[in-house]
Amino acid sequence: MVALFSAFVILLAKKLGAVEWLQVHGSEFVGKLVSCDYCLNWWLSWAVVVVALVVTGEWWVVAVPFFSTTIGRWLSA
């Protein structure tokens, strides 16, 4: 579910032009970060997992980004 959500958000951001805007107007680091689908999926997965951790209190969810990042990258490419 995390991979599906992150792929959807990344595809939506690309469609709306947010990724391109960040590449042009962001710093050099941000520009390189958003040009990498793997990096976007990694950080977005962590954002989702931190929220899930706070809501549920289950510590095992911190392992989810390690598995969902590759799947999300395949879906958003």
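Refer to the structure presented above.
Here the structure is a predicted model, which is why all the values come from computation and not from measurement.

A closer look at the overall build of the chain
(1) Moving on: On a plain count of helices and strands, the chain comes out with 5 helices and 0 strands.
(2) Moving on: Scanning the chain from its N terminus toward the C terminus, one meets helices and strands in the order α-α-α-α-α.
(3) Moving on: Each principal axis of the C-alpha atoms in the chain carries an extent, and together these give about 40 × 25 × 20 Å.
(4) Moving on: Residue burial in the chain is summarised as follows: out of 77 residues, 27% are buried.
(5) Moving on: Within the chain, contacts between residues at least 6 apart in sequence are counted, and of these 61% link residues at least 24 apart.

So, the packing of helix α1 (residues 2–16) against helix α5 (residues 64–76)
(1) Moving on: The contact between α1 and α5 brings their axes to 8 Å, and the two run at 45°. Looking at the two axes, α1 sits oblique to α5. Between α1 and α5 the crossing geometry is right-handed. Contact residues: V2, A3, L4, S6, A7, I10, L11 and K14 in α1; V64, S68, I71, G72, L75 and S76 in α5.

Criteria and thresholds
- Residues numbered from 1 in each chain as written.
- Predicted model: local features only at pLDDT ≥ 70, side-chain atom pairs only at ≥ 80, totals over all residues.
- Heavy atoms only, no water.
- Helix = DSSP H or I, 4+ residues; strand = E, 2+ residues; numbered from the N terminus.
- Buried < 20%, exposed > 50% of the residue type's maximum accessible area, 1.4 Å probe, protein only.
- Contact = heavy atoms within 4.5 Å.
- Axes fitted to C-alpha atoms, helices over the stretch in contact; angles between N-to-C directions.
- Parallel < 35°, antiparallel > 145°, perpendicular 65-115°, else oblique.
- Left-handed = near helix turned anticlockwise from the far one by under 90°.

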